[in-house]
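These are the residues of each chain, in order.
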Amino acid sequence: MDEMAYEAGLDPLEFRLRNYAERDQNLKRPFSSKKLRECYHEGAAKFGWDKRNPEPRSMRDGDLLVGWGMATGVWDASMQKCAAKVTLNADGHLTVLSGANDIGTGTYTIITQIAAQTLGLPLEAVTFKLGDTTLPEAPVQGGSWTAASVGNAVKECCDKLGEKLLKLAQKMEDSPLKGASYEDVQFVNGQIRLNADITQAVVIRDILPASGEEKLEVENTMMPNPVNQAIHSLHAHNAVFVEVKVDPELGTLHVTRVVNAVAAGRILNPKTARSQVLGSVVWGISMALMEESVMDHGFGRYMNHNYSEYHIPVHADIHDIDVIFVEEEDDKVNPLGIKGLGEVGLLGVAAAIANAAYHATGKRIRNLPVSIEKLLL
């Protein structure tokens, strides 16, 4: 895309905007939602892209060549079959079970949040247990589908448990909730209360003792909506803007700034989501500049299968990274409108760095990593 933009005499961002796809032309379907255009605009504004001189080798910081490059990412917004179980004890404590796992992406946090918000409980009243094959079956953590799969399964379980709670609350003496449907009430601050008059409420912690029940349980398996999957193209998108600085005598290249604008549906927790994208950007810098497996073809073995020779970034390699989450609502991708972040944050980073390297030096590197010897040739 970057090469075509230069051949056409257009700014790389303008070239993409002129060729923007409003529909998935491969599947011939509409997108369930697509905010890539907004990613372009918000990312470019934050980065200051309008100040870019398009001519290669035209921008400098002292003796260093400065390059600005950008690229785009797109990733499937998938959801898998997933089971979950929720149990509410008489003391008002909720336990959530699902055989998912958390590799540091914040699954513990977001699932606890979903359960707590659905039933109006404080976070400390919810315990999420995962990572065990004895628990209800959940998909492996990959493909950027964990939040959508486990989150929607837990939300549905909590809604079903909420319906059971409401029925028990309506049987309590002088209950203000008699005759109310599930849509007529809200679960807030440890209470079930009427939408029409929030002063009319029942404390959740009082319901089970009054009913004589020791606990309430719901176990359920959630499936993706096959109709929406069949008629829509489901994807998350991002736009990455990168600044590099190159020493023209030594060939050393440093990524000094990155802006990553992401449209991934409903962001459940901005802090854990941002951390995922920060990690993805570091991963992309590593991919672009450092990571390379060297094969001994005589013996069929990798020669650098250790951290002393297989290079990855350290703190000094990473500079300013800005993450933008573009607001995006999607009621078709899944009930909670979640699109995964695990992969999309990486996409486009290495390409943007290579494009920035060209802008800085005038040398087009098509094979990663972008190393010193390639820039000096």
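Described below are features of the structure shown in this document. (Residues numbered from 1 in each chain as written. Predicted model: local features only at pLDDT ≥ 70, side-chain atom pairs only at ≥ 80, totals over all residues. Heavy atoms only, no water.)

1. Topic: the sheet that holds strand S8 (residues 185-188)
Put simply, the rule reads: Whether two strands pair comes down to DSSP finding at least two bridges between them. Strands here mean DSSP runs of E at least two residues long; helices mean DSSP runs of H or I at least four residues long; both are numbered from the N terminus. A fitted line through C-alpha atoms serves as each axis, taken over the contacting stretch for helices, and the angle formed by two N-to-C directions is quoted from 0 to 180°. The contact definition used throughout considers only heavy atoms, calling two residues in contact when any of these lie within 4.5 Å.
A sheet is described by the order of its strands in space; here three strands give the open sequence S8-S9-S10, paired in antiparallel fashion. The open sheet terminates on both sides in strands that have one partner only, identified here as S8 and strand S10 (201-203). Direction aside, the axes of adjacent strands within the sheet are offset by 20° on average. Bridging between S8 and strand S9 (residues 191-194) involves four bridges; their strand directions are antiparallel. Along S9, the bridge assignment pairs Phe 187 with Ile 192. The strands that helix H6 (residues 204-211) touches are S8, S9 and S10; relative to S10, the one it contacts most, it runs at about 75°.

2. Some details on helix H9 (residues 349-361)
Inclusion rule: In a helix, the anticipated span is given by 1.5 Å times the number of residues less one. A 1.4 Å probe rolled over the protein chains alone gives each residue an accessible area, and that area as a share of the maximum for its type sets the label: buried under 20%, exposed over 50%, partly exposed in between.
When the terminal C-alpha atoms of H9 are compared, their 18 Å separation across 13 residues agrees well with the 18 Å that a helix rising 1.5 Å per residue should span. In terms of residue burial, H9 counts as a mostly covered element, since 12 of its 13 residues are buried. Among all positions of H9, only Val 349, Ala 350, Ala 352, Ile 353, Ala 354, Asn 355, Ala 356, Ala 357, Tyr 358, His 359, Ala 360 and Thr 361 are buried. Just past H9, the residue Gly 362 takes up positive phi, approximately 80°.

3. Observations regarding the pairing of strand S12 (residues 235-246)
With 12 of 12 residues buried, S12 lies mostly within the body of the structure. What you see with S12 is no split at all: His 235, His 237, Ala 239, Phe 241, Glu 243 and Lys 245 on one side and Ala 236, Asn 238, Val 240, Val 242, Val 244 and Val 246 on the other are buried throughout. Alignment of S12 against strand S13 (residues 253-263), held across 10 bridges, turns out to be antiparallel. Looking at S13, one finds that Val 242 is bridged to Val 258. The turn linking S12 back onto S13 is made up of six residues, and Gly 251 within it adopts a positive phi angle of 80°.

4. Details of the packing of aromatic side chains
The description of two aromatic rings rests on the distance between their centres and on the angle between their planes. Inclusion rule: Two rings from Phe, Tyr or Trp (for Trp, the six-membered ring) form a pair when their centres sit within 6.5 Å of each other. Planes less than 30 degrees apart are called stacked, planes more than 60 degrees apart edge-to-face, and all others tilted.
Applying the stated criterion to the full structure yields seven aromatic pairs. The interplanar angle of 80° and the centroid separation of 5.0 Å between the aromatic rings of Tyr 6 and Tyr 358 together place this pair among those described as edge-to-face. Of this pair, Tyr 6 sits in helix H1 (residues 2-8) while Tyr 358 sits in helix H9, and the two are 352 residues apart along the sequence. Given the relative accessible area of 23%, Tyr 6 is considered partly exposed. Residue classification places Tyr 358 among the buried positions, given a relative accessible area of 17%. Taking the centre distance of 5.5 Å and the plane angle of 70° together, the rings of Trp 49 and Phe 241 count as edge-to-face. Placement of the pair is Trp 49 in the loop between helix H3 (36-47) and strand S3 (59-61) and Phe 241 in strand S12, with a sequence separation of 192 residues.

5. Comments concerning the sheet that holds S3
Strands sit in the order S3-S4-S12-S13-S16 across an open sheet of five strands; the sheet is mixed. Only two strands of the sheet have a single neighbouring strand rather than two, namely S3 and strand S16 (320-325). On average, each strand axis in the sheet is tilted by 25° relative to the strand beside it, whichever way the strands run. With three bridges connecting them, S3 and strand S4 (residues 64-76) associate as antiparallel partners. Paired with Arg 60 across the strands is Leu 65, a residue of S4. Contacting S4, S12, S13 and S16, H3 runs over the sheet at an angle of about 25° to S12. This element, H9, spans S3, S4, S12 and S13 of the sheet and lies at about 155° to S4.

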